Structure formats: structure tokens, C-alpha cells
Amino acid sequence: MAQLQPVRGTQDLLPDMLRRHRMVSETARNVGSLYGFEEIATPIFEFTEVFSRPIGESTDIVSKEMYTFPDRSGEELTLRPENTAGVVRAVISNGLTQSLPIKFSYSGPMFRHERPQKGRYRQFHQIGVELIGVPQPQADIEVIALGAQILSDLGILDRTVLELNTLGDTASRVAYREALVAYFTPHRASLSEDSQRRLDTNPLRILDSKDEGDKALSVNAPAFGDYLNEDSRWFFDHVTSGLDAIGVAYKLSPRLVRGLDYYCHTAFEFVTTDLGSQGTVMGGGRYDGLMNLMGGPDLPGVGWAAGIERLALLIAEPPLSTRPIALIPVGAEAEKKALVITQQLRRAGLTIELGYSGNLTRRIKRADKIRARIAVILGDNELAKGVAGVRDLDSGEQVEVPLAALQDHLAPFR
RNA sequence: GCGGGUGUAGCUCAGUUGGUUAGAGCGCCAGAUUGUGAUUCUGGAUGUCGCCGGUUCAAUUCCGGUCACUCGCCCCA
């Protein structure tokens, strides 16, 4: 039993869970199209540079979590750890920058070599959207509103909090980063081990540390507000007032930081407390420098990604599919006839289950087990009269229906 | 990557202070009913007690390692 295990951090999506995944991705696609986003699919693997450069060599994702390998012709390839870089690459590769804005949504598997936990897998699935070519804060507002509407349609918006922050433009962020490094460096020895590392990789994250010593030190750290220039402030004010205007609630979180290097200005996360430590359900922000960094024109972008596994755990059980109609032949002659009738009814769009073996009792039992709505019984008695016994398995009522009228009679149950 | 917990039937779990045939409920299969399901009743099957090794006359039980899951950290969706 324990011999054949799936690879660590991967899982089989059995029908019940896959139905939840579909509910999430279909809701995202449908709501996305209301906002003018079209679905796109990019390859699951790319040249390693597609991810390593934009995401940042110092990030955990690139430095220790990517599935990177040389293929048989020696190309350095990587299983995508996220999809923003892939979409941007596709936009550049296909010369799509001629008509702006570009609005894409996607859904698919991503891969990161992390330690698995609930809501955290090595092969996991994300939905996401990217809006490219709009420098105005309206884009940020639209993208966040889209995310909120998807969560709302999934029935879980009220179980999340939208945390919102600005990282400022590049100038502001660089200035602030330097100020933080200058402040923390003299205290380096007093910082936690994690934060000593953060000081080198992502000093903004020290402010969000859970270590008590770090928290104490952070109290007197420089505040980002003092380093935000006028442009950055103007931009963020428009984002917040826009969200206010359309009634999307948010909480300002000055400590919210994005993990990937290419983010600027707006950063946001929808967070829930219902999933333990994997509370971020949707996260994103603005990435104005990314396209240019990847060798394309200097176009701004905003987007987010959401973890399907995490959303799938939160949503209510999706409705089951259409209940089938069970066709139950009794006897060799009926068996033949049933095959033909089944084919006709399925072509007419009815969901038919044809039991494979067993006597009447056995088959009707099985029909009950698969939640069949109707059992169509076809035996010698019926064949002789040219009818079928149509039994309503909910009420127990059974009527005889001429074979010629069977399809019409069953039509209401498709 | 770091620290803690767990691993017994398809599922949820009990149990053995180390001892010969390892249990329950649910589920599954069959019969009561050879042309009528869900209820009920009766009967039945299933485990290399996660894997490898050590201690022991004897290990599912103790010890070590390992794998997987899980909680927290880290990171992130």
C-alpha cells in the first residue's frame, strides 16, 4: 500500500477535489471575461533565464525552489514557479505590444520545491490575471476589483481581508531600502538569524518579522511614509480612493511586502485566517519594470495570482453533476436493444448509465448508488409490448412508456 | 531549509505495560427477495500494524534511521 506514493508535494486530484478546482478556475475565467480579460496558456517550462532574471537571484524561489534541469539537448530549463514572467515573455515573443492594453487571465500548475504543508504543495495550481500597458492607477483598481469579485462569487470574500500597501516607485523604494539597511546594520548582531539574512536579501521583510527582538528593533525603524515621493503618494491615493468609490474594503498594511523583485507601487494580498499559516489566498501588485527588464518595451503592468488549492479548501461543496438515467436491460435480447437505445439517448444529450452485468435487483441497486434519477427497465415483458418501464427512483412510481416516445419522455431529466 | 507531532482494514480510529488467532464503526460483497433500489435482518472478505535496520527467546508495541503526512518557522499563492 505504501509502496506506490506520489512524489512528495504532489497529489492526485480525485473527482470531488477536482470539481472544486474547476469551480475556482471557471469562476475566475467567467468573471475575468466580464472585465475584458481573455484566457491564455503558456508553456509549463521555459528557459531558466525567463524566471531567474525577473524574479531575482536573491529570492528563495530562484535560489532554492525552482525545478531546474538541463534537457537532452543541454538547454537549461525550469518548470514555471509562477506565471507572470511566462505571460510577459509570451507577450514579447508574439509581438502583442502593438495594441494596448493587454488583458490576460490564466489557470494552471506551478512548481516550487518547498516543504509541503496544508495549502502548500510542490505542484500547485494558480489562477491569475495580468493587465499590461496601463500606467494609471485605474488599472490597479480594476485588477483588485476583479479579484474581489471572484472571491465574492466563490462565496468567500467575507472570510478574507484585503491588505494593501504601496512599495512606491523605484526611486522611493531604493531610498527606503537604503535607509533601512543603514538603520539595522549597526544592530545586525541583535537581529534574529532570519533577519540577518533578510538584511542582505530583502530588508523590508525585517519589519514583518515574528521574532520579538526584531519587533522591538523595528519600532524605531524609519517609516516608509517619509521616503515616498510625491508621485508615489499621488498614485497610491488614487488607488485607495478608487477602491473606496467602488466599495472594495481594504486594510492598510504598511508591512506588506512582495517577495519578487519586480514589484513596485501597489502591493496587495487577500488573506484568510482559516487556513493556518498559509493564509494568503490571492496576492499581487504592480510590476512596471518587468517587461523592460525582460527585453521588451518599457510597459507597465499589474496583476495577481491566487492559489487554487487554498481557494478550493475554502469554498462550499460545488453542486454535483447531472444525475444520470440508468438503463436496465433484462435478458440477452433486451441487452442488445439497450445498447442501441443508450446510444440514441446519449446523442440526444441525456446522461445514461448502462449497467454492465447482474440481474434486475443488482442493477437497480447500483442505479440507486450512482444517484440515478430514473431507471429505464427493459425486459422481455416490456419488449413484447414495445414499451419500457420508466421508474422514478425518488418517488418509486413506475409507468410504461412506448419505446418511440422514450426520448421525449426523458427529455425533462437531461 | 529548521523544529514539533503522527503513520494499524477503502475511510475514521481503538488496541497490544513486548507474547502465539490485531479490533470497532462506516464503507464494500453476498443472502433474505432467480422482474424491482434506498430501510431492516443475516452472513462474509480485506491488513506484509508506512519502510529498513537494531535490541530481544519473542517487536505492530522499545530504540535508530528513512519515507510520507501534519503543525509552527521560513517563504509564498
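As the structure is a prediction and not an experimental result, all values here were calculated from the model.

## Some words on empty space enclosed by the protein
Empty space among the atoms becomes visible once a probe the size of a water molecule is rolled across them. Enumeration according to the criterion identifies 2 cavities of 30 Å³ or more in this entry. Its boundaries defined by the atoms lining it, the largest cavity holds a volume of some 60 Å³. For the largest cavity, the full set of lining residues is Ser 25, Ala 28, Arg 29, Glu 39, Ser 105, Tyr 106, Ser 107, Ile 127, Gly 128, Val 129 and Trp 304. Residues of the lining of the largest cavity, tallied by class, amount to 5 nonpolar, 4 polar and 2 charged. For the second largest cavity, the calculated volume is near 50 Å³. Together, Asn 165, Thr 166, Leu 167, Tyr 176, Leu 204, Leu 207, Phe 224, Pro 254, Arg 255, Leu 256 and Val 257 line the second largest cavity. Residues that form the lining of the second largest cavity fall into these classes: 8 nonpolar, 2 polar and 1 charged.

## Some details on unusual backbone geometry
In most cases, non-glycine residues show a negative phi, while peptide bonds are predominantly trans. The linkage connecting Leu 100 with the following residue, Pro 101, adopts the cis geometry, with an omega of 0°. Among the secondary structure elements, Pro 101 is positioned in the loop between helix H4 (84-93) and strand S5 (102-111). Of note, the phi angle at His 265 is positive, near 50°, even though the residue is not glycine. Unlike most non-glycine residues, Arg 371 shows phi in positive territory, near 65°. Among the structural elements, Arg 371 can be located in the loop between helix H13 (360-369) and strand S14 (374-378).

## Side note on the nonpolar core
Of all hydrophobic cores here, the largest spans 39 residues; its most connected members are Phe 270, Trp 304 and Leu 311. The leading source of residues in this core is helix H5 (residues 137-153), at 9 residues. Contact partners of Trp 304, with chain neighbours within four places excluded, come to Tyr 106, Ile 127, Gly 128, Val 129, Val 143, Leu 146, Gly 147, Ile 150, Phe 268, Met 282, Gly 283 and Gly 284. Core analysis: the second largest hydrophobic core is formed by 31 residues, Val 62, Tyr 106, Ile 132 and Tyr 263 among them.

## A few points about the packing of helix H2 (residues 48-55) against H4
Taken N-terminus to C-terminus, the directions of H2 and H4 make an angle of 115°; their axes are 9 Å apart at the nearest point. Taken as axis vectors, H2 and H4 run roughly perpendicular relative to one another. Like other packed secondary-structure pairs, H2 and H4 cross with a definite hand, here right-handed. Taking contact as the criterion, the partners of Val 50, Phe 51 and Pro 54 in H2 are, on H4, Ala 85, Gly 86 and Arg 89. Residues that form the contact of H2 with H4 fall into these classes: 4 nonpolar, 1 polar and 1 charged.

## A short note on the layout of surface pockets
In this structure, the second largest pocket encloses a volume near 340 Å³. As for the second largest pocket, its lining consists of 21 residues, of which Asn 165, Thr 166, Phe 224, Gly 225 and Pro 254 are closest to the centre. Those elements that provide at least two residues to the lining of the second largest pocket are strand S7 (161-166), helix H8 (212-219) and helix H9 (230-246). With 4 residues, the single largest contributor to the lining of the second largest pocket is H9. Looking at side-chain class alone, the lining of the second largest pocket contains 12 nonpolar, 6 polar and 3 charged residues.

## A word on the protein's contact with RNA strand B
Taken together, 51 residues lie near RNA strand B, and Arg 120, Arg 205, Arg 362, Glu 382 and Leu 393 sit nearest. Counting only the atoms of RNA strand B within 4 Å of the protein, the fraction contributed by sugar and phosphate is 58%. Between RNA strand B and Glu 114, the relevant distance is 3.0 Å, taken from a base oxygen to a side-chain nitrogen or oxygen of the residue. Taking Arg 391, its side chain carries an N or O atom lying 3.2 Å from a base nitrogen of RNA strand B. No other element matches H13, which puts 7 residues into the surface near RNA strand B. In the surface near RNA strand B, the residues fall into 11 nonpolar, 17 polar and 23 charged.

## Regarding the confidence of the model for chain A
For chain A, mean pLDDT is 91; residues scoring 70 or higher make up 99% of the total. For chain A, the element scoring lowest by mean pLDDT is helix H3 (residues 60-65), at 81; H5 scores highest, at 98.

## Focus: the pairing of strand S9 (residues 264-271)
Counting buried positions over the 8 residues of S9 gives 8, a clear majority of the element. Summarising the sheet, S7 and S9 pair through 6 bridges and their orientation is antiparallel. Within S9, the position partnered with Glu 163 by the bridge is Glu 269. Note: S9 against strand S10 (residues 280-286), 6 bridges, orientation antiparallel. Looking at S10, one finds that Phe 270 is bridged to Met 282.

What counts and what doesn't
Residues numbered from 1 in each chain as written. Chains lettered and ligands numbered in written order. Predicted model: local features only at pLDDT ≥ 70, side-chain atom pairs only at ≥ 80, totals over all residues. Heavy atoms only, no water. 1 Å grid on protein atoms, 1.4 Å probe; cavity = no way out; pocket = protein on both sides within 12 Å on 5 of 7 lines; lining within 4 Å. Points joined across faces, edges and corners; volume = space filled by probe spheres on them. Nonpolar A, V, L, I, M, F, W, Y, C, P; charged D, E, K, R; others polar. Helix = DSSP H or I, 4+ residues; strand = E, 2+ residues; numbered from the N terminus. Core = buried A, V, L, I, M, F, W, Y, C linked by side-chain atoms within 4.5 Å. Buried < 20%, exposed > 50% of the residue type's maximum accessible area, 1.4 Å probe, protein only. Contact = heavy atoms within 4.5 Å. Axes fitted to C-alpha atoms, helices over the stretch in contact; angles between N-to-C directions. Parallel < 35°, antiparallel > 145°, perpendicular 65-115°, else oblique. Left-handed = near helix turned anticlockwise from the far one by under 90°. Near = heavy atom within 4 Å. Polar contact = N/O pair within 3.5 Å; in protein donor to acceptor, adjacent residues only side chain to side chain. pLDDT = per-residue confidence, 0-100. Pairing = 2+ DSSP bridges.

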